[in-house]
Amino acid sequence: MKIYAAKDYNDMSRKAANIISAQILLKPDAVLGLATGSTPVGAYRQLIEKHEAGDLDFSRIHSVNLDEYKGLSGDHDQSYRYFMNHNLFDHVNIDKANTNVPNGLAEDPEAECKRYNHVIEEEGGIDLQLLGIGNNGHIGFNEPCDVFEKGTHVVTLTEETRQSNARFFTSIDEVPTHALTMGVGNIMSAKKVLLLASGEGKAKALYESCFGPVTPQVPASVLQLHSDVVVIADEAALSLIRKNTGWEDMIYDN
Ligand code: PGA
């Protein structure tokens, strides 16, 4: 695991966009695992700028997103399909037919999860998986629990996650109670993982994920077992790691 320190959110986003760009330049038909939430928005903005400058071609890129709320259609402005269209896909030359997000309206969600696992397989696996991290250490919507779920599955969102995402809805009652999410196995199968963290609210989860025991109670901790993880975190998110001396030399400052 490599940890890169970023000064702030913008610096984190710039560094992340550089790594994603490098992936696209090195493999123009790469499969990108994409994430939603506040964290990756800045990186997506920078990717759009690189595309507009003529430096980045998405025409052969395929993508699979981590998760989707159960019960929301792709047209709902809080659905993750809508988020991806709005924050990235509508602004670059990606073929939307090559972009995948679980269907939150599937009549049979279990069958949809199976279908999604097949999609990832048929795409040939994920070259670069982008991740944010929840305040509780979740990745995708893999919430703290007793086991690491392998494949795509339906999950009951924790109260903490619903509260944290309520800021995007008019009231907490509107936040869906369930979601479809890639499992930890899907994420761990990605060839490379890029985890982003910004803000003090993420400091504890990030510290525990990078240096605590590997446990499904802190889902991101499983990334310690992946052979190619890059973490880019701003100073606020790194604060606990910095405080617990001994780990300093694992952080790349630049
Ligand atoms: P955030 O969410 O980017 O909105 O902080 C991250 C996550 O829950 O994975």
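Residues numbered from 1 in each chain as written. Predicted model: local features only at pLDDT ≥ 70, side-chain atom pairs only at ≥ 80, totals over all residues. Heavy atoms only, no water.

*Asks:* Would you mind showing me how to read the packing of aromatic side chains here?
*Replies:* Each aromatic ring pair is characterised by the separation of its centres together with the angle its planes make. Counted under the stated rule, the structure contains 6 aromatic pairs. Centre to centre, the rings of Y69 and Y80 are 4.8 Å apart; their planes meet at 40°, and the pair counts as tilted. With Y69 in strand β4 (residues 67-69) and Y80 in helix α3 (residues 80-87), the pair connects residues that are 11 residues apart, well separated along the chain. Comparing Y69 with Y80, the two get one shared label, buried. (Phe/Tyr/Trp six-rings, centres within 6.5 Å; stacked < 30°, edge-to-face > 60°. Helix = DSSP H or I, 4+ residues; strand = E, 2+ residues; numbered from the N terminus. Buried < 20%, exposed > 50% of the residue type's maximum accessible area, 1.4 Å probe, protein only.)

*Asks:* How should I be thinking about the sheet that holds strand β8 (residues 178-181) in this particular structure?
*Replies:* With respect to topology, 3 strands assemble into an open sheet ordered β4-β8-β7, the strand pairing being antiparallel. Strand pairing shows two members of the sheet lacking a second neighbour, β4 and β7 (153-156), which therefore form its edges. Sheet twist, expressed as the mean angle between neighbouring strand axes with direction ignored, is 25°. Sheet analysis places β4 next to β8, joined by 3 bridges and oriented antiparallel. Among the inter-strand pairings, D67 is bridged to a residue of β8, identified as T181. Strand contacts of helix α4 (residues 109-122): β7 and β8, with the helix running at about 125° to β7, the strand carrying the most contacts. (Pairing = 2+ DSSP bridges. Axes fitted to C-alpha atoms, helices over the stretch in contact; angles between N-to-C directions. Contact = heavy atoms within 4.5 Å.)

*Asks:* Quick question: what am I supposed to make of the sheet that holds strand β9 (residues 192-197) here?
*Replies:* Two modes of strand pairing occur in sheets, parallel and antiparallel, and in both the strands are linked by backbone hydrogen bonds. What the 8 strands build is an open sheet, ordered β5-β3-β2-β6-β9-β10-β1-β11; its pairing is parallel. Strand pairing shows two members of the sheet lacking a second neighbour, β5 (99-100) and β11 (251-253), which therefore form its edges. Examined bridge by bridge, strand β6 (residues 128-131) and β9 share 4 bridges and lie parallel to one another. From the neighbouring strand, L128 faces β9, where its bridge partner is K192. The sheet strands contacting α4 are β3 (62-65) and β5, and the helix crosses β3 at an angle near 150°.

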